[in-house]
Amino acid sequence: MYGLVNKAIEGLVKKEFGEDKWLEIKEKAHFKDHGFISMKPYPDSLTYSLVGTACEVLNMNSKDLLEAFGEHWLLYTSQEGYGEMMNSAGNSLPEFLNNLNMMHFRLGQIMPEMIMPKFEVSELQESSLLLHYKSERDGLTDMVTGIIRGLGKRFECNCKIELISAKSKGDNHDIFKVSW
Ligand code: HEM
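These figures come from a predicted structure and were not determined experimentally.

Side note on the overall build of the chain
Item 1. Secondary structure summary: the chain contains seven helices and four strands in total.
Item 2. Its helices and strands in sequence order give the chain the pattern α-α-α-α-α-α-β-β-α-β-β, from N to C terminus.
Item 3. Each of the three principal axes of the chain carries a C-alpha extent, and together these read 50 × 35 × 30 Å.
Item 4. Taken over 180 residues, the chain has a buried fraction of 48%.
Item 5. With the model as given, the accessible surface of the chain reaches about 9,900 Å², and the carbon-plus-sulfur share is 50%.

This is the structure we're talking about:
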């Protein structure tokens, strides 16, 4: 994944647990460079290794870590020059969720090696919808939960998030029921 993702992990660890914990994680994950370059693609194995090692060092389960990372991702990308893109993606939770593909498609034009997640909204009602999440990657469902929770805060709606189909349990893809 692009270095932007790894930098966001670094930022979260440093902010919540301090510089020393990050240095320990970096060393245990065998990452020797000084830092990450946002616009450079790195192997997915590095990102997974950083997350796995962070869970060990911080004594956290991956669900809690990835959910926290999802919320942090929204704040981090807003501060890293993507705030305008976020603002133009919608003024409400359903509108924003409906524009996730468009947002990643635009990002794909500046990050051509990006392997994009795919999202689709169905069964849109007055106060709920289904969000379909498809990815070539595994194991990032809890990150999506964290991002949706962060979006709920952004739009000041107290949203409820239920995973009603899970790729990890043999379903075709993840489906979240989001109610607000
Ligand atoms: C402007 C804000 C955003 C930026 C700059 C951004 C950028 C990126 C980048 C660079 C990647 C790594 C893909 C790769 O390198 O192959 C990624 C992955 C991902 N993004 Fe976004 N993204 C943004 C907002 C969102 C939002 C709001 C969601 C909502 C759910 C989201 C969901 C994901 C997921 C789940 C992945 C993991 C990739 C996968 O599932 O295969 N992103 N994004």
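Some thoughts on the side chain of Asn6
Item 1. Secondary-structure assignment places Asn6 in helix 1 (residues 3–17).
Item 2. Looking at Asn6, the relative accessible area reads 0%, which means it is buried.
Item 3. At 2.8 Å, the side chain of Asn6 forms a polar contact with the side chain of Thr47.
Item 4. The contacts of Asn6, once residues within four sequence positions are left out, are Met1, Phe36, Tyr42, Leu46, Thr47 and Leu50.

Considerations on the site of the ligand
Item 1. Around the ligand sit 25 residues in total, of which Tyr2, His104, Ile115, Tyr133 and Ser135 are the nearest.
Item 2. Between the ligand and Arg137, the relevant distance is 2.8 Å, taken from an oxygen atom to a side-chain nitrogen or oxygen of the residue.
Item 3. Here the residues of the shell around the ligand sort into 21 nonpolar, three polar and one charged.

Remarks on the coordination of the iron atom of the ligand
Item 1. Just one protein atom donates to the iron atom of the ligand; it is His104 (NE2), sitting 2.1 Å from the metal.
Item 2. Relative to the helices and strands, His104 is located in helix 6 (residues 100–110).

A closer look at the domain arrangement of the chain
Item 1. Domain boundaries in the chain define domain 1 (3–60) and domain 2 (91–179).
Item 2. Each of domain 1 and domain 2 was reduced to a C-alpha centroid, and the two centroids are 24 Å apart.
Item 3. On the side of domain 2, six residues touch domain 1, which itself brings five residues to the contact.
Item 4. Buried area between domain 1 and domain 2, both sides added, is near 450 Å², and the carbon and sulfur share of it is 61%.

Analysis parameters
Residues numbered from 1 in each chain as written. Predicted model: local features only at pLDDT ≥ 70, side-chain atom pairs only at ≥ 80, totals over all residues. Heavy atoms only, no water. Helix = DSSP H or I, 4+ residues; strand = E, 2+ residues; numbered from the N terminus. Buried < 20%, exposed > 50% of the residue type's maximum accessible area, 1.4 Å probe, protein only. Areas by Shrake-Rupley, 256 points an atom, 1.4 Å probe, with all protein chains shown as cover. Polar contact = N/O pair within 3.5 Å; in protein donor to acceptor, adjacent residues only side chain to side chain. Contact = heavy atoms within 4.5 Å. Near = heavy atom within 4 Å. Nonpolar A, V, L, I, M, F, W, Y, C, P; charged D, E, K, R; others polar. Donors = N, O, S within 2.8 Å, 3.2 Å for Na, K, Ca; no water. Domains from an automatic or database assignment. Buried area = accessible area lost by both parts, 1.4 Å probe.

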